[in-house]
Amino acid sequence: MRFMVLVKANRDTEAGVLPTAQELADMGRYNEELAEAGMLLAAEGLQPTAKGARIRFDGDRRTVTDGPFAETGELLAGFWILRAESKEEVVAWVSRAPFKEGEVEIRQVFELEDFPADVLPPEEAERERALRHDLAAGTEG
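Not measured: the values here are computed from a predicted model. (Residues numbered from 1 in each chain as written. Predicted model: local features only at pLDDT ≥ 70, side-chain atom pairs only at ≥ 80, totals over all residues. Heavy atoms only, no water.)

1. As for the nonpolar core
By size, the foremost hydrophobic cluster in this structure holds 14 residues, and its most contacted members are Val5, Tyr30, Leu34, Trp80, Leu82, Val90 and Val94. Elements represented by at least two residues in this core include exactly β1 (2–8), α2 (21–36), β5 (76–83) and α3 (87–94). Ignoring anything within four residues of it in the chain, the contact list for leucine 82 reads Met1, Arg2, Phe3, Val5, Leu34, Met39, Leu40, Leu41, Val90 and Val94. (Core = buried A, V, L, I, M, F, W, Y, C linked by side-chain atoms within 4.5 Å. Buried < 20%, exposed > 50% of the residue type's maximum accessible area, 1.4 Å probe, protein only. Helix = DSSP H or I, 4+ residues; strand = E, 2+ residues; numbered from the N terminus. Contact = heavy atoms within 4.5 Å.)

Next comes the structure, spelled out in C-alpha cells:
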C-alpha cells in the first residue's frame, strides 16, 4: 500500500522562511531512515502559495487565481509518499518525524486493484499500469 503524508503549511512556510541547517539535517536523517526501511518513495517541500495558482472548474469554465492564499490551515508545505503494510505503520513512522509543531495528514493512495472491473475495465487498468511503469522508469508513454 502507498500513503501520502501531507505536511500542513503555517505562517513561516507561507512567508518563504526556510528551515534551519539543523532542521534540514534532522529531516535528512529521518528521510534516510525511511529509505533504509524501504518505505520512502518521494519526499518534497513545496514553495509558498505566493508562487502558485489555483484553477477552479465550473462546467466548461476555468477560473485561475494566483497565490498567495490566505487559509493557511488548508495549505500544504510538503509531502512524503510512503510504501507500508498498514496505516498504523505509517502513523508509527510519521510520529517520529522531527517536527516541533504543526500537523500532517495521512491518506492512502488508490491502487488499480481498488477499482472493480465495471469501473476500471481490464484494458484500461493495463493501460494505466503501463503508464505508471513508464513513469517509474523515467520515460513517457
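2. Some remarks on the confidence of the model for the chain
With 97% of its residues at a pLDDT of at least 70, the chain reaches an overall mean of 93. Mean pLDDT across the secondary structure elements of the chain bottoms out at helix α4 (residues 122–136), with 89, and peaks at α3, with 98. (pLDDT = per-residue confidence, 0-100.)

3. Focus on a nonpolar patch on the surface
There is a patch of nonpolar side chains on the surface, built from Ile55, Phe57 and Val64 and spanning about 320 Å² of accessible area. Looking at the element boundaries, isoleucine 55 is found in strand β3 (residues 53–58). You can call isoleucine 55 partly exposed: its relative accessible area is 48%. (Patch = residues over 30% accessible without salt bridge, like charges linked within 9 Å, V, L, I, M, F, W, Y side chains within 5 Å. Areas by Shrake-Rupley, 256 points an atom, 1.4 Å probe, with all protein chains shown as cover. Salt bridge = Lys/Arg side-chain N within 4 Å of Asp/Glu carboxyl O.)

4. Brief notes about unusual backbone geometry
Across the junction of glycine 67 and proline 68, the peptide omega takes the value 10°, indicating a cis bond. Relative to the helices and strands, proline 68 resides in the loop between β4 (61–66) and β5.

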